[in-house]
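So the chains spell out like this:
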Amino acid sequence: MSDTVIHVENLSKRYVIGHQRSKEDGFRHVIEDAVRAPFKWLKSRQDRQKRTREEFWALKDVSFEVKRGEVIGIIGRNGAGKSTLLKILSRITEPTSGRIRIKGRVASLLEVGTGFHPELTGRENIFLNGAILGMSKVEIKRKFDDIVAFSEIEKFLDTPVKRYSSGMYVRLAFAVAAHLEPEILIVDEVLAVGDAEFQKKCLGKMESVAGREGRTVLFVSHQIAAVTRLCRNVLWLDGGRPKEYGRADLICSHYLANGSSTSAKREWMNGSPAPGNEWVRLRNVDVRVNGEIDSQVNIDQPVEIHVDYEVLREGKVLIPNIHLFAEDGTLIFIAHDWHSGWRTRPKSPGRYKTIFTIPGNFFSEGRITVKVATSTYQPFEVHFEESDAVAFTVVESAKNETSRGDFAGHLPGIVRPLIATQTEIVS
Amino acid sequence: MEELIIEAGRTEKNYWRDLWRYRELFYFLAWRDLLVRYKQTVVGVAWSVIRPLLTMLVLTVVFGKLGKMPSGGVPYPILVLCGMLPWQFFSTALSESGNSLVTNSNMISKVYFPRMVVPAGSVITSFVDFLITVIILAGMMVWYRFVPSVHVVALPLFVLMAFAASFGAGLWIAALMVEYRDFRFVVPFIVQFGLYVSPVGYLSSRVSDLYGDPCRLLYSLNPMVGVIDGFRWSVLGGEQQLYLPGFCISLVGVVLLLVTGIWYFRKTERTFADVI
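Since the model is a prediction, treat every value here as computed from it, not as a measurement.

## Points about the overall build of chain B
Of regular secondary structure, chain B possesses 13 helices and 1 strand. In chain B, the succession of α and β elements from N to C terminus is β-α-α-α-α-α-α-α-α-α-α-α-α-α. The C-alpha atoms of chain B give 20 Å as radius of gyration, which agrees with the globular expectation for 276 residues (19 Å, within 12%). The buried share of chain B, reckoned over its 276 residues, is 45%. Residue pairs at least 24 apart in sequence account for 83% of intrachain contacts in chain B once pairs closer than 6 positions are excluded.

Next comes the structure, spelled out in structure tokens:
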């Protein structure tokens, strides 16, 4: 209990929309209302209530706890309430109801470079920004060299920041914030900016803040890969309500799976309209990891796709095949059952099962959907084709050897094999 | 370790302590505004000398020469400068701090700090202008070989009063501006109008001379009347009498302005980030 640094109970935040009028003609309404006030009683009560009831709950009954030294990820779609939650935690705005207990100094990186003045030099902005974030002058002076070194802008220290490239600007801003040394650090989307090299540096800094220095980090990002890698626990917000809270890899895969009804197992009972024709009918498809049905696969684990089907009539060579698609709809590959002795042999009626095994260290992180089909190739005929039959999520939380190595940022690419490399000193 | 509790309407408790913790931010904000102010100008800092000098010249010509107002035996430029000193402080502080929250809106909506730091920083910036004008006044006094009275020891008290009036009014305008941008148009009007309804270019005794004492009491409802009279009394001394009933009314006005300003600001600042 003593280790709980953030304790959030039934937190809610309501915004009243419609009440906030357009900014330029605001005061006139106040005067108008004041003039009309005596006559308001003539209007029916209901009418007035209707006008003020346009409200919107950005957060509703959110509760969770964070322990010291934990890195908590907060994920959710746009408008899920992530930013509102962070704003309340960092005291920028206050909640409508509920309470938060926080132990220790909180610093928020809601947007790096807040309070930077374009006319001031890098040096001057370090002091200004530090003061805005709550550092004392002595503290800034003490860390000044570290900040400059981290930001890699030594040469431009006395140039107005308006002449900086956007990369330099962000580096300087993050450097100031990263040296804040709060007990609790709130980070929102800072990693969306800067080049890959600097992103890695930022992630590294956050990891060390959380790990070695034992500080607590709240991290909001759309980069699920970064969240699974950095955070142990994840809070998933959906429409202002907490949807799930728990282990990072688990919640992230649920989050990625959300929005499509496809799961790791699909079954068609007798009589239900299963895909197929008079020759063959699909009965069951599932995704297995280590023999168990699972929708979540670690990047280095092999995946099995079990296709279960019923042959109704004798006389055709039936070749089951699977098509695997990445999140963006790109076809990753097609696999056929060419090698099992059924290549030229017609199947007699009965239940069959074909297992496709895809090795570990093959897929990239993300959600993979599987289309299942069965075809005859001479002459060509497709007996059934079931899109989105099953799906699974590839996550990378393993500390095992993967092709990611020490890189922590976004690693693009559809596949991510572990390639053998060898380096020799040539001369 | 200190525990912080965030609840609806609960930010009050640590407010003044936080304000103290962020005291360096006052300094940094004022420092930033001063540094930035004359960037990319040709004349630079000279502007802060040119502006009061020209205003003084115009007011002396209009009120002293054309209007032939009585000066009570004091060189008219010094009389005018004495009135301008608190008035310019008040008017620049009012317009700067009034706009301060809106111009710093990115900070307000992104970082927590006691919001009062921002308008207070603007008042401090205006105070630097005030000090420059004090130097001009001193120069003028040397030029005219004018020796200030012993009352001058009381001057810091009136400076404090000017501070309170500026800060109080600035808080009101700043907080109102967040929600009602109308005040962007109201403030220049107050400043323009105020120059004439405050005894900047003339002596406030002129009001009672023309319309009698009750009128002067009414006139003193303008808090700046008391502040300016106080300045003249302490710097010019001699024949300048402090009209006590009027001064007291102004003093009450200043205190009221400050107290209600803080009250209104505190009341509304919790929703600044949502509204701005």
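## Here we look at the interface of chain B and chain A
Facing 31 residues of chain B, the contacting portion of chain A comprises 39 residues. Mapped onto the side of chain B that touches chain A, the elements with two or more residues apiece are β1 (3-7), α2 (23-37), α5 (105-108) and α13 (272-275) of chain B. The leading source of residues in the side of chain B that touches chain A is α2 of chain B, at 6 residues. Of the residues that constitute the side of chain B that touches chain A, the class distribution is 17 nonpolar, 3 polar and 11 charged. Here strand β4 (residues 97-103) of chain A pairs with β1 of chain B via 5 bridges, running antiparallel. Its bridge partner being in β1 of chain B, Arg-101 of chain A is matched across the sheet by Ile-5 of chain B.

## Regarding the sheet that holds strand β3 (residues 71-75) of chain A
Residues and elements named next belong to chain A. One open sheet accounts for 6 strands, arranged β5-β6-β7-β3-β8-β9; its pairing is mixed. The sheet terminates laterally at β5 (106-109) and β9 (241-247), the two strands that pair on one side only. Each strand of the sheet is rotated relative to its neighbour by a mean of 15°, with strand direction disregarded. Here β5 pairs with strand β6 (residues 184-188) via 4 bridges, running parallel. Counterpart to Leu-109 in the pairing with β6 is Val-187.

## Quick word on the sheet that holds strand β18 (residues 366-377) of chain A
Residues and elements named next belong to chain A. Spatially, the 5 strands line up as an open sheet ordered β13-β19-β18-β15-β16, and their pairing is mixed. Both edges of this open sheet fall to β13 (296-298) and β16 (331-336), since each of them pairs with a single strand only. For this sheet, the mean inter-axis angle between neighbouring strands, taken without regard to orientation, is 30°. Inspection of the sheet shows strand β15 (residues 319-325) paired to β16 by 5 bridges, in the antiparallel sense. By the bridge assignment for β16, His-323 is matched with Ile-334. Contacts from helix α9 (residues 248-257) reach β13, β18 and β19 (380-395) within the one sheet, and its direction differs from that of β19 by about 140°.

## A look at unusual backbone geometry
Note the cis peptide between Gln-378 of chain A and Pro-379 of chain A, where omega equals -5°. Topologically, Pro-379 of chain A is positioned in the loop between β18 and β19. Within the chain, Asp-61 of chain A stands out as a residue other than glycine whose phi angle is a positive 50°. Note that Asp-61 of chain A resides in strand β2 (residues 55-67). For Asp-61 of chain A, a count of 14 C-beta atoms within 10 Å puts it in the partly exposed group. Phi at Lys-68 of chain B is positive, roughly 50°, even though this residue is not glycine. Position of Lys-68 of chain B among the secondary structure elements: in the loop between α3 (47-66) and α4 (76-103).

## A look at the environment of Gly-122 of chain A
Residue and element names in this part refer to chain A. By secondary structure assignment, the location of Gly-122 is in helix α4 (residues 122-132). With 289 residues separating them in the primary sequence, Gly-122 and Leu-411 have C-alpha atoms 32 Å apart. Not counting residues up to four positions away in its chain, the partners in contact with Gly-122 are Ile-153, Phe-156, Leu-157, Asp-158, Thr-159, Val-161 and Leu-172.

## Observations regarding the pairing of strand β7 (residues 216-220) of chain A
Residue and element names in this part refer to chain A. Counting buried residues along β7, 5 of its 5 residues qualify, which places the element largely inside the surrounding structure. Two elements, β3 and β7, share 4 bridges in a ladder whose sense is parallel. Within β7, the position partnered with Val-71 by the bridge is Val-217. With 5 bridges connecting them, β6 and β7 associate as parallel partners. For Ile-184, the partnering residue across the bridge sits in β7 and is Thr-216.

## Observations concerning the nonpolar core
Of all hydrophobic cores here, the largest spans 175 residues; its most connected members are Ile-186, Phe-219, Val-227 and Cys-252 of chain A. A per-element tally of this core places helix α7 (residues 155-179) of chain B first, with 16 residues. If you count residues domain by domain, this core takes at least three from each of domain 1 (4-11 + 58-257) and domain 3 (265-395) of chain A.

## Things to note about the packing of α4 of chain A against helix α6 (residues 166-178) of chain A
Residue and element names in this part refer to chain A. For the pair α4 and α6, interaxial distance at closest approach is 10 Å and the crossing angle is 40°. Between α4 and α6, the interaxial angle falls into the category oblique. The chirality of how α4 crosses α6 is right-handed. In this structure, α4 contributes Gly-122, Asn-125, Ile-126, Asn-129 and Gly-130 to the contact, and α6 contributes Leu-172, Ala-173 and Val-176. In the contact of α4 with α6, the residues fall into 4 nonpolar, 4 polar and no charged.

## What to know about the pairing of β16 of chain A
Counting buried residues along β16 of chain A, only 0 of its 6 residues qualify, which leaves the element largely exposed. Counted along the chain from β15 of chain A to the antiparallel partner β16 of chain A, the turn is 5 residues long, and its residue Gly-329 of chain A has a positive phi close to 90°.

## Focus: the confidence of the model for chain B
On average, residues of chain B carry a pLDDT of 86, and 96% of them reach 70 or more. Model confidence for the complex is summarised by a pTM of 0.71, with the ipTM given as 0.78.

## Looking at the confidence of the model for chain A
Per-residue confidence for chain A averages 81 on the pLDDT scale, and 85% of its residues sit at or above 70. The model gives residues 44-50 of chain A a pLDDT under 50, and that stretch makes 1 contact with residues more than four places away or in other chains.

## Comments concerning the packing of α7 of chain B against helix α11 (residues 223-236) of chain B
Residues and elements named next belong to chain B. Look at α7 against α11: their axes get within 9 Å of each other, and the N-to-C directions meet at 160°. With respect to α11, the element α7 is oriented roughly antiparallel. In this structure, α7 meets α11 at a crossing whose hand is left-handed. Touching Leu-155, Phe-158, Met-161, Ala-162 and Ala-165 of α7 are Pro-223, Met-224, Val-227, Gly-230, Phe-231, Ser-234 and Val-235, all from α11. Its residues assigned to classes, the contact of α7 with α11 comprises 10 nonpolar, 2 polar and no charged.

Cut-offs applied
- Residues numbered from 1 in each chain as written.
- Chains lettered and ligands numbered in written order.
- Predicted model: local features only at pLDDT ≥ 70, side-chain atom pairs only at ≥ 80, totals over all residues.
- Helix = DSSP H or I, 4+ residues; strand = E, 2+ residues; numbered from the N terminus.
- Rg over C-alpha atoms; globule rule 2.2 N^0.38 Å.
- Buried ≥ 20, exposed ≤ 12 C-beta atoms within 10 Å, placed from the backbone.
- Contact = placed C-beta atoms within 7 Å.
- Nonpolar A, V, L, I, M, F, W, Y, C, P; charged D, E, K, R; others polar.
- Pairing = 2+ DSSP bridges.
- Axes fitted to C-alpha atoms, helices over the stretch in contact; angles between N-to-C directions.
- Core = buried A, V, L, I, M, F, W, Y, C linked by C-beta atoms within 7 Å.
- Domains from an automatic or database assignment.
- Parallel < 35°, antiparallel > 145°, perpendicular 65-115°, else oblique.
- Left-handed = near helix turned anticlockwise from the far one by under 90°.
- pLDDT = per-residue confidence, 0-100.

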